[in-house]
Amino acid sequence: GIYEGGVSHAMDAADDGLVDSTEFKFFFNYMEFAQDELEHMLNSYGEEGDVWCSVEVAPEVVLNSDLDRGEVWAYLRNQIQQHCK
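These remarks concern the structure in this document. (Residues numbered from 1 in each chain as written. Predicted model: local features only at pLDDT ≥ 70, side-chain atom pairs only at ≥ 80, totals over all residues. Heavy atoms only, no water.)

Some words on the overall build of the protein chain
How we decide: Strands are runs of DSSP state E lasting at least two residues, helices are runs of H or I lasting at least four, and both sets are numbered from the N terminus onward. Under the scheme applied here, a residue whose accessible area is under 20% of the maximum for its type counts as buried, over 50% as exposed, and between as partly exposed, the area being computed with a 1.4 Å probe on protein chains only. Contacts were defined at the residue level, with two residues in contact if any of their heavy atoms lie within 4.5 Å. Computed by Shrake-Rupley with a 1.4 Å probe, the accessible areas treat only the displayed protein chains as cover when residues are assessed.
Scanning the protein chain for helices and strands turns up four helices and zero strands. When the helices and strands of the protein chain are read in sequence order from the N terminus, they spell out α-α-α-α. Looking at the 85 residues of the protein chain, the share that counts as buried comes to 7%. Put simply, of all contacts in the protein chain between residues at least 6 apart along the chain, 42% involve residues at least 24 apart. Here the protein chain displays about 7800 Å² of accessible surface, and carbon together with sulfur accounts for 50% of that area.

Below you can see the structure in the form of structure tokens.
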């Protein structure tokens, strides 16, 4: 699963033997939106044709350490192209 709590919490849990330290993948970049801001962005088109869309991605794809970054991005681009047509 995906858990929120930060690196410090994860390190403490691993040190205490509560979790397997090899089962972590960290995501440090994130976006934060004001109320209704994301919905507005998803429903608008930019002057240059830019568009936001969201796609559901299975945890198995996001957390799969056997896939390299290029494979994941290829999968995501394909999902976005299918979803946003």
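Observations regarding the environment of serine 65
Tracing the backbone through its elements, the reader meets serine 65 in the loop between helix H3 (59-62) and helix H4 (69-83). Separated by 42 residues in the primary sequence, serine 65 and glutamate 23 place their C-alpha atoms 9.6 Å from one another.

A look at unusual backbone geometry
One non-glycine residue, aspartate 36, lies in the positive phi region at around 70°. Structurally, aspartate 36 can be placed in the loop between helix H1 (7-15) and helix H2 (37-42).

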